[in-house]
Amino acid sequence: GSLGRILAETNQPPISAAAAQRYAGASEQLTSVQQTLLDCLSTESTTINELMTRTDLGIAELSSALGVLEIRGLIMSVAGGRYARCNCQITQLR
């Protein structure tokens, strides 16, 4: 799928097929706000203030979307109130 192609281009180590399917399923049911936020994140960590500037979202909406994305395993919070996209690659979905 396109997710596999995109992640393969990042040259990251592969993950298990089960984890790949979980990641693909988690990203399929996002709201437009959650998808916009996910698109703004990379594997390099970003502060909430930077995300507010990039997305034009208020703190409440941003925090809510970050929480959902983190619960779904698509992003992670790191030290200093920063967030990053989870670093995973799909080599092949069957």
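In what follows, the structure referred to is the one given above.
Residues numbered from 1 in each chain as written. Predicted model: local features only at pLDDT ≥ 70, side-chain atom pairs only at ≥ 80, totals over all residues. Heavy atoms only, no water.

**Looking at the side chain of Thr-55**
Step number 1: Relative to the helices and strands, Thr-55 is located in helix α4 (residues 48-55).
Step number 2: Leaving out residues up to four positions away in the same chain, Thr-55 has contacts with Thr-36, Leu-37, Cys-40 and Leu-62. (Helix = DSSP H or I, 4+ residues; strand = E, 2+ residues; numbered from the N terminus. Contact = heavy atoms within 4.5 Å.)

**Overview of the pairing of strand β2 (residues 75-78)**
Step number 1: Where β2 and strand β3 (residues 82-85) come together, 4 bridges link them in antiparallel fashion. Bridge assignment links Val-78 to a residue of β3, and that residue is Arg-82.
Step number 2: What sits between the antiparallel neighbours β2 and β3 is a turn of 3 residues, in which Gly-80 has the positive phi angle 80°. (Pairing = 2+ DSSP bridges.)

**Points about the nonpolar core**
Step number 1: With 13 residues, the main nonpolar core has Leu-37, Leu-51, Leu-66, Leu-69 and Ile-75 as its most contacted residues.
Step number 2: Looking at this core, the elements that each hand over two or more residues are α3 (32-40) and α5 (59-71).
Step number 3: With residues near it in sequence (within four places) discarded, Leu-69 still touches Leu-30, Gln-34, Leu-37, Leu-38, Leu-74 and Ile-75. (Core = buried A, V, L, I, M, F, W, Y, C linked by side-chain atoms within 4.5 Å. Buried < 20%, exposed > 50% of the residue type's maximum accessible area, 1.4 Å probe, protein only.)

**Looking at the packing of α4 against α5**
Step number 1: Two elements in contact, α4 and α5, have axes whose closest approach is 11 Å; the angle formed by their N-to-C orientations is 110°. Viewed along their axes, α4 and α5 adopt a mutual orientation that is roughly perpendicular. Residues Ile-48, Leu-51, Met-52 and Thr-55 of α4 form the contact with α5, whose own contacting residues are Ile-59, Leu-62 and Leu-66.
Step number 2: Taken together, the residues of the contact of α4 with α5 sort by class into 6 nonpolar, 1 polar and no charged. (Axes fitted to C-alpha atoms, helices over the stretch in contact; angles between N-to-C directions. Parallel < 35°, antiparallel > 145°, perpendicular 65-115°, else oblique. Nonpolar A, V, L, I, M, F, W, Y, C, P; charged D, E, K, R; others polar.)

Keep in mind these values describe shape, not function.
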